[in-house]
Amino acid sequence: GAVVSQHPSWVICKSGTSVKIECRSLDFQATTMFWYRQFPKQSLMLMATSNEGSKATYEQGVEKDKFLINHASLTLSTLTVTSAHPEDSSFYICSARDGGGGNIQYFGAGTRLSVL
Amino acid sequence: AQSVTQLGSHVSVSEGALVLLRCNYSSSVPPYLFWYVQYPNQGLQLLLKYTTGATLVKGINGFEAEFKKSETSFHLTKPSAHMSDAAEYFCAVSDLGGGNKLTFGTGTQLKVEL
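One structure accompanies this document, and this report is about it. (Residues numbered from 1 in each chain as written. Chains lettered and ligands numbered in written order. Predicted model: local features only at pLDDT ≥ 70, side-chain atom pairs only at ≥ 80, totals over all residues. Heavy atoms only, no water.)

## Details of the overall build of chain B
Then comes step 1: The number of helices and strands found in chain B is 0 helices and 12 strands.
Then comes step 2: Reading the secondary structure of chain B in the N-to-C direction produces β-β-β-β-β-β-β-β-β-β-β-β.
Then comes step 3: In summary, chain B has a C-alpha radius of gyration of 13 Å against a globular reference of 13 Å for 114 residues, a match within 12%.
Then comes step 4: Principal axes of the C-alpha set define a box for chain B whose edges measure 40 × 30 × 20 Å.
Then comes step 5: Looking at chain B as a whole, 44% of its 114 residues qualify as buried.
Then comes step 6: Contacts in chain B between residues at least 24 apart in sequence constitute 57% of all its contacts with a sequence separation of at least 6.
Then comes step 7: Approximately 5400 Å² of chain B is accessible, and the part contributed by carbon and sulfur atoms is 54%. (Helix = DSSP H or I, 4+ residues; strand = E, 2+ residues; numbered from the N terminus. Rg over C-alpha atoms; globule rule 2.2 N^0.38 Å. Buried < 20%, exposed > 50% of the residue type's maximum accessible area, 1.4 Å probe, protein only. Contact = heavy atoms within 4.5 Å. Areas by Shrake-Rupley, 256 points an atom, 1.4 Å probe, with all protein chains shown as cover.)

## Section: the state of the cysteines
Residues and elements named next belong to chain A.
Then comes step 1: As enumerated under the stated definition, the model contains 2 disulfides over all chains in all.
Then comes step 2: Between C23 and C94 runs a disulfide, and the two sulfur atoms are separated by 2.0 Å. Across the disulfide from C23 to C94, rotation about the S-S bond amounts to roughly 80 degrees, and the bridge is consequently right-handed. Highlighted residues: C23 in strand 3 (residues 19–25) and C94 in strand 9 (residues 90–98), separated in sequence by 71 residues.
Then comes step 3: Here C23 falls in the buried class, since its relative accessible area comes to 0%.
Then comes step 4: The exposure class assigned to C94 is buried, which follows from its relative accessible area of 0%.
Then comes step 5: Cysteine C13 is unpaired, with the sulfur of C94 as its nearest cysteine sulfur at 18 Å. (Disulfide = S-S within 2.5 Å.)

## Details of the environment of B:F104
Residue and element names in this part refer to chain B.
Then comes step 1: With respect to the element layout, F104 can be found in strand 11 (residues 103–104).
Then comes step 2: For F104, a relative accessible area of 10% gives the class buried.
Then comes step 3: Between the C-alpha atom of F104 and that of Y36, which follows or precedes it by 68 residues, the distance is 9.5 Å.

## As for the environment of A:S50
Residue and element names in this part refer to chain A.
Then comes step 1: Along the chain, S50 turns up in strand 5 (residues 44–51).
Then comes step 2: Residues in contact with S50, not counting those within four places in the same chain, are T31, T32, M33, W35, A56, I69, H71 and S77.
Then comes step 3: Within the local environment of S50, its side chain forms a polar contact with the side chain of H71, the two groups lying 2.8 Å apart. (Polar contact = N/O pair within 3.5 Å; in protein donor to acceptor, adjacent residues only side chain to side chain.)

## A few points about the sheet that holds strand 8 (residues 76–81) of chain A
Residue and element names in this part refer to chain A.
Then comes step 1: The 4 strands are arranged 1-3-8-7 in an open sheet whose pairing can be described as antiparallel. Each end of this open sheet is capped by a strand with a single partner; those strands are strand 1 (4–7) and strand 7 (67–73). Each strand axis lies, on average, 15 degrees off the axis of its neighbour in the sheet, ignoring direction.
Then comes step 2: Here strand 7 runs beside strand 8; their pairing, made up of 5 bridges, is antiparallel. Bridge pairing in strand 8 places I69 opposite L79. (Pairing = 2+ DSSP bridges. Axes fitted to C-alpha atoms, helices over the stretch in contact; angles between N-to-C directions.)

Here it is, written out as C-alpha cells:
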C-alpha cells in the first residue's frame, strides 16, 4: 500500500519556540493532505486540509497563525507549531490522499509533541 | 453533517473468541465507511472500506464489516481474536470516498485476554 512518512516521530521543545513537522507521500502524489490532532485516549480531530499550491483550509476553532501549514510540492506538507505552549502538547497525525488510488487517505505514524 | 458513534469505548475478549466492534453513522448522503486500527504511538492503518457494491467487506488480518443501510451500521467483526489484535479501532465516515474529510468515531480499545 501507499506509504506516508512523518518526521519527527517525537519532539520536545521549550515553551515559546517553533516546531516543524513534515509529512511526505513516498510513492504517490498527494494534492491534498490532512492534519489531525489527537489527545490521549481520544479520537482524531481534523485541524486543517492542506492543498498543494494554495492556502490550507482550517477547521473552526483552529488558529491558522499558530498552526502554519505549507504544501509546496505534491509529496510534502509541513505543519509548523509557532510559539508553542504546553497546551499544544499532543499527538499530531498527517494523512495524504492518493487521488490515483481510490481516493483513500493514508496516514503517517504521527508526531508526539511535548512542550516544556 | 456526518457523525459516527462507536458503542463501547473498551471491549475485552478472550483469545479465539469472536470480536464485534460496533459503529453507527449518520450521513445525509450515501456514505463511504472505513475502519482503521491504531497501535500505541503509531498512525492509523486502514483495515477495510466500504464504498459501493457488496455490503460485506473483507479487510486485512481477517476482519470484515457489513454495511447495513437500514440500521445505519457498519460493525466490525473477526471470528477468532488473536493477541496481536489488541489495539484502538476507529470507525470513520466520508462523503466522497475518503478523499474528503473523514469524521471519526471516538474509538474502541480492544483488549484480548488469554
